[in-house]
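# What the coordinates show
Residue-level listing of the chains:
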Amino acid sequence: MQGVKQPPMTRLLAVIQFYATGNFQIFTGDSHGVSQPTMCRLVKEVSKALAQAHVNYVKFPEQLAPTKVAFQGIGNFPGVVGCVDCTHVPIQLPSVENGENFRNRKGTFSLNVQVIGGPNLEIWDVVSGWPGSVHDSRIFTNSRVCHRFERGEVRGILLGDSGYAQNTFLYTPLLNPTTPQEQRYNKAHIKTRNSVERLFGIWKRRFACLRRKLANSPVTCTHIVTACAVLHNIAVQTRQELPAEDEVEEEVEEDVVVNDGVGRNGAGAVIRRAFINEHFA
């Protein structure tokens, strides 16, 4: 069987099975009559093709008003269009000159993947090319989606943890809420932002390769991550069954480098204070 070229659908299904199970490519290939070298090549080619399709499947909706309504229904936080966070995808030590850059704070090798999630566990945006040593806030400030918000191309609020800097469009929690309105703000923030933690749990349960150590090149690993984002959104759009709730592990946060979200010259704190006074008084 391994000497016979398999039909395109068989090869596609073999790669999707690898995404779903995270099994060694040799075992996945054997179940489809595909040799390990061929399976490795198929993972590379199919992942790149699916990743290139992200422009059609991983994007903010054209009309954001329903998204704001849906998010407000979660935690009563107004104006939210997405929740941003990063998750680590484990990889083997890359055989590249800067391989140590992929070692994260826990001492293992990974990609640090940024995701902006929607209210129904969709992925609005994914950035998969950064090594595990890079902090979440650096990834965000250098991302295309950040620049889109800065230019006003996407209008609305993002919610992020205290590792990000508060600004006019990204809102972070208070470290020490004391007044009733501050406590209401934090409660609404945490409840709403929990959606992206749940998204990570479902995404990694649906595609177990994201939880296991990818042995591909760093470039192919980034394509695999983006491909799984594309397939996840297709599953959400077509209402595929979610993993059972008791099987979904919500993302356990890495230790957050706290900056209290104040940004430059404390301007972020002023912006957040005005927002709390307007919406949570």
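Conventions we followed
Residues numbered from 1 in each chain as written. Predicted model: local features only at pLDDT ≥ 70, side-chain atom pairs only at ≥ 80, totals over all residues. Heavy atoms only, no water. UniProt positions renumbered as here; feature names shortened; annotations may be inferred. Salt bridge = Lys/Arg side-chain N within 4 Å of Asp/Glu carboxyl O. Helix = DSSP H or I, 4+ residues; strand = E, 2+ residues; numbered from the N terminus. Buried < 20%, exposed > 50% of the residue type's maximum accessible area, 1.4 Å probe, protein only. Pairing = 2+ DSSP bridges. Contact = heavy atoms within 4.5 Å. Axes fitted to C-alpha atoms, helices over the stretch in contact; angles between N-to-C directions. Parallel < 35°, antiparallel > 145°, perpendicular 65-115°, else oblique. Nonpolar A, V, L, I, M, F, W, Y, C, P; charged D, E, K, R; others polar. Expected span 1.5 Å × (residues − 1). Arc of directions from axis to C-beta. Polar contact = N/O pair within 3.5 Å; in protein donor to acceptor, adjacent residues only side chain to side chain.

Going by an unreviewed UniProt entry, the chain carries the name Nuclease HARBI1 and comes from Diaphorina citri. Recorded in UniProt for the chain, the comment headed Subcellular location (unreviewed entry) runs: "Nucleus". If you open the UniProt record of the chain and go to Sequence similarities (unreviewed entry), you find "Belongs to the HARBI1 family."

Let us now look at the pattern of salt bridges. Opposite charge on two side chains makes pairing possible when the charged atoms of those side chains draw close. The tally for this structure, following the rule as stated, stands at seven salt bridges. Note that E153 is salt-bridged to R148, the shortest N-O span being 3.3 Å. A salt bridge links E197 to R193, with the shortest nitrogen-to-oxygen separation between them at 3.3 Å. With a gap of four residues between them, E197 and R193 both fall in helix α8 (residues 180-206), about one helical turn apart. Overall, the relative accessible area of 11% leaves R193 in the buried class.

We now examine the sheet that holds strand β2 (residues 110-117). Spatially, the five strands line up as an open sheet ordered β3-β2-β1-β4-β5, and their pairing is mixed. The two strands at the open ends of the sheet, each matched to only one other strand, are β3 (123-131) and β5 (170-171). Relative to β3, β2 is paired through six bridges, and the arrangement is antiparallel. The partner of L111 across the bridge, within β3, is P131. Against the sheet, helix α5 (residues 65-75) touches β1 (80-90), β2 and β3, its axis set at about 75° to β1. Lying on the sheet, helix α9 (residues 218-237) is in contact with β1, β2 and β3; it crosses β3 at an angle near 170°.

Relative orientation of the contacting elements helix α1 (residues 8-21) and helix α3 (residues 36-52) amounts to 85°, with a least axis distance of 9 Å. When the interaxial angle is binned, α1 and α3 end up roughly perpendicular. Of the residues in α3, those touching α1 at R11, L12, A14, V15, F18 and Y19 are M39, L42, V43, V46, S47 and L50. Class assignment of the residues belonging to the contact of α1 with α3 gives a composition of 10 nonpolar, one polar and one charged.

Given 3.6 residues per turn, any residue in an α-helix points the same way as the ones three and four places further on. An ideal rise of 1.5 Å per residue puts 24 Å on 17 residues; α3 measures up with 24 Å between its terminal C-alpha atoms. Those residues of α3 that fall on the buried side of the exposure criterion are M39, L42, V43, V46, S47, L50 and A51. Buried positions in α3, seen along its axis, are confined to an arc of 145° and lie on one side of it. When the buried face of α3 is taken as reference, the exposed residues oriented beyond 90 degrees from it are P37, K44 and Q52.

Even without being glycine, N76 reaches a positive phi, approximately 60°. For N76, the location among the structural elements is in the loop between α5 and β1. Of note in the backbone geometry, R239 takes a positive phi value of approximately 60° without being a glycine. Residue position: R239 is located in the loop between α9 and α10 (267-279).

Now for the environment of N186. Its location among the elements puts N186 in helix α8. Given a relative accessible area of 8%, N186 falls into the buried group. With 109 residues separating them in the primary sequence, N186 and F77 have C-alpha atoms 9.7 Å apart. Not counting chain neighbours up to four residues away, the residues in contact with N186 comprise P173, L174 and P177. Polar contacts involving the side chain of N186 include one to the main-chain carbonyl oxygen of L174, which spans 2.8 Å.

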